[in-house]
Amino acid sequence: MAETVTFKSDVKPDWCPGCGDYGVLSALEKACADLHLDPKDIMVVSGIGCSSNLPGFFRSYGMHTLHGRGVAVANGVKLGNHDLTVIAVGGDGDGYGIGVGHFIHSLRRNLDITYIVMDNQIYGLTTGQTSPTTEMSVKTKSAPEGNIEQPVNPIALALAGGASFVARGFSGEPAQLAELYKKAITHKGFALVDVFSPCVTFNKINTYPWFKERVYKLEDEKHDVTNFETAMKKVQEWGPRIPLGVFYAKERPTYETMEPALRNGPLAKQPFKPLDPAILLEFV
Ligand SMILES: Cc1ncc(C[n+]2csc(CCOP(=O)(O)OP(=O)(O)O)c2C)c(N)n1
Ligand code: SF4
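Please read these numbers as outputs of a predicted model, since none were measured by experiment.

1. Looking at the overall build of the protein chain
Item 1. Broken down by element type, the protein chain carries ten helices and eight strands.
Item 2. What you see for the protein chain is a C-alpha radius of gyration of 19 Å, in line with the 19 Å of a compact globule of 284 residues.
Item 3. Its C-alpha atoms give the protein chain principal-axis dimensions of about 65 × 40 × 40 Å.
Item 4. Counting over 284 residues, the protein chain shows a buried share of 51%.
Item 5. Within the structure as shown, the protein chain displays about 13500 Å² of accessible surface, and the carbon and sulfur contribution to it stands at 59%.

Written as structure tokens, this is what we have:
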């Protein structure tokens, strides 16, 4: 069995001491080790942000792309080679702000990738501006008198967009988080794991104790993950009780299995056949 250490890169994380992203990374190392994955068969793709630096700290193939574009690139990677375990990672600003268009279309396309969002309800890398998940009235650098915008509910958005797997974890609950990753990675289709990952430097409200006081596990309530209506009810819970766990999981055909150009297998495995220019001229 592969050891957890197999997935540690030579580069040490440069996150602030106590940043929630450490828990996200170590849970991912554990999940991949438990699944006996080989680093050469994994591709981790990110956007831009503190959280998006993760591929540098994880030993596998990796790609640090543009702000909000990680999921789009991850979809392309999966189309090219279905044999790779493709994991997209990033922050709430990256995924639910600038990248929200790619996120929504990925939900409905349903390629077999896992998307881990380190949700700290703030822009960390750019030093503490309001993000799409910042709660109303919270004062930030860009909203010194308090946030006036309604926050995005990523779980509701994912369900409404047709996601076949939707879960929420917390970096303060690493054992549960690793289990959620394992379910997401083995799920055939687009799997979202939104993770509460506290920014200890710029978000002084949504801290570890703040979450610890509120979170509970859906599995303790025998939540039926195949029931869409119940999942939609559960996503509304935000206040004294905030659910963690799998909200919804139901398989449906993945994009890559339906795409006609891929009937003969992934592009990486198909022989290269140059087009006859005569065929192209017919269209002129
Ligand atoms: C096109 C573009 N716009 C803006 C930026 C500036 N920028 C870099 S990271 C970032 C926000 C990161 O926030 P989030 O995705 O929540 O990640 P965190 O740093 O909190 O992990 C922004 C606005 C950029 N790099 N590129
Ligand atoms: S600024 Fe916040 S999100 Fe960025 S590394 Fe520090 S604690 Fe983590």
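Once you've had a look at it, read on.
2. Considering the sheet that holds strand E3 (residues 85–91)
Item 1. The strand order E2-E1-E3-E4-E6-E5-E8-E7 describes an open sheet built from eight strands, whose pairing is mixed. Each of the sheet's edge strands pairs with one partner strand only, and the pair in question is strand E2 (61–64) and strand E7 (215–217). The sheet shows a mean angle of 20 degrees between the axes of neighbouring strands, taken without regard to direction.
Item 2. Summarising the sheet, strand E5 (residues 165–170) and strand E6 (residues 191–196) pair through six bridges and their orientation is parallel. Pairing of phenylalanine 165 across the sheet is with alanine 191, part of E6.
Item 3. Contacts from helix H1 (residues 21–34) reach strand E1 (42–46), E3, strand E4 (114–119) and E6, with the element oriented near 155 degrees to E4.
Item 4. Lying over the sheet, helix H6 (residues 174–186) contacts E3, E4, E5, E6, E7 and strand E8 (242–249), oriented at roughly 160 degrees with respect to E5.

3. Some points on the nonpolar core
Item 1. Core analysis: the largest hydrophobic core is formed by 33 residues, its most contacted members being Leu28, Leu54, Phe58 and Tyr181.
Item 2. Looking at this core, the elements that each hand over two or more residues are H1, E1, E3, E4, E5, H6, E6 and E8.
Item 3. The element contributing the most residues to this core is H1, with seven residues.
Item 4. Residues in contact with leucine 54, not counting those within four places in the same chain, are Trp15, Val24, Leu25, Leu28, Val44, Val89 and Met118.

4. A short note on the packing of H1 against H6
Item 1. Orientation of H1 relative to H6, taken along the N-to-C sense of each, is 55 degrees, at an axis distance of 8 Å. Relative to H6, the element H1 lies oblique. In this structure, H1 meets H6 at a crossing whose hand is right-handed. Contact with H1, carried on its side by Gly23, Val24, Ala27, Leu28, Lys30, Ala31, Cys32 and Asp34, involves Pro174, Leu177, Ala178, Tyr181, Lys182 and Ile185 of H6 and no other residues of that element.
Item 2. When grouped by side-chain class, the residues that make up the contact of H1 with H6 number ten nonpolar, one polar and three charged.

5. A look at the site of ligand 2
Item 1. Trp15, Cys16, Cys19, Cys50, Asn120, Cys199, Val200, Thr201 and Phe202 make up every residue found near ligand 2.
Item 2. Classifying every residue of the shell around ligand 2 by side-chain character gives seven nonpolar, two polar and no charged.

6. Considerations on a nonpolar patch on the surface
Item 1. Nonpolar side chains collect at one region of the surface, where Leu275, Ile279, Leu280 and Phe283 lie side by side and expose about 460 Å² of accessible area between them.
Item 2. Secondary-structure assignment places leucine 275 in the loop between helix H9 (255–258) and helix H10 (277–281).

7. What to know about the environment of leucine 37
Item 1. Here leucine 37 shows up in the loop between H1 and E1.
Item 2. A residue is classified by how much of its surface remains accessible, and leucine 37, at 17% relative accessible area, is buried.
Item 3. Placed 31 residues apart in sequence, leucine 37 and threonine 6 show a C-alpha to C-alpha distance of 9.8 Å.

8. Some thoughts on the layout of surface pockets
Item 1. As a volume, the largest pocket reaches approximately 320 Å³.
Item 2. Lining the largest pocket are 18 residues, with Pro151, Val152, Asn153, Pro154 and Trp238 positioned closest to its centre.
Item 3. Broken down by secondary-structure element, the contributors of at least two residues to the lining of the largest pocket are helix H5 (154–160) and E6.
Item 4. In this structure, the second largest pocket occupies an estimated 220 Å³ of space.

Each value, and the rule that gives it
- Residues numbered from 1 in each chain as written.
- Chains lettered and ligands numbered in written order.
- Predicted model: local features only at pLDDT ≥ 70, side-chain atom pairs only at ≥ 80, totals over all residues.
- Heavy atoms only, no water.
- Helix = DSSP H or I, 4+ residues; strand = E, 2+ residues; numbered from the N terminus.
- Rg over C-alpha atoms; globule rule 2.2 N^0.38 Å.
- Buried < 20%, exposed > 50% of the residue type's maximum accessible area, 1.4 Å probe, protein only.
- Areas by Shrake-Rupley, 256 points an atom, 1.4 Å probe, with all protein chains shown as cover.
- Pairing = 2+ DSSP bridges.
- Axes fitted to C-alpha atoms, helices over the stretch in contact; angles between N-to-C directions.
- Contact = heavy atoms within 4.5 Å.
- Core = buried A, V, L, I, M, F, W, Y, C linked by side-chain atoms within 4.5 Å.
- Parallel < 35°, antiparallel > 145°, perpendicular 65-115°, else oblique.
- Left-handed = near helix turned anticlockwise from the far one by under 90°.
- Nonpolar A, V, L, I, M, F, W, Y, C, P; charged D, E, K, R; others polar.
- Near = heavy atom within 4 Å.
- Patch = residues over 30% accessible without salt bridge, like charges linked within 9 Å, V, L, I, M, F, W, Y side chains within 5 Å.
- Salt bridge = Lys/Arg side-chain N within 4 Å of Asp/Glu carboxyl O.
- 1 Å grid on protein atoms, 1.4 Å probe; cavity = no way out; pocket = protein on both sides within 12 Å on 5 of 7 lines; lining within 4 Å.
- Points joined across faces, edges and corners; volume = space filled by probe spheres on them.

Geometry only, nothing functional implied.
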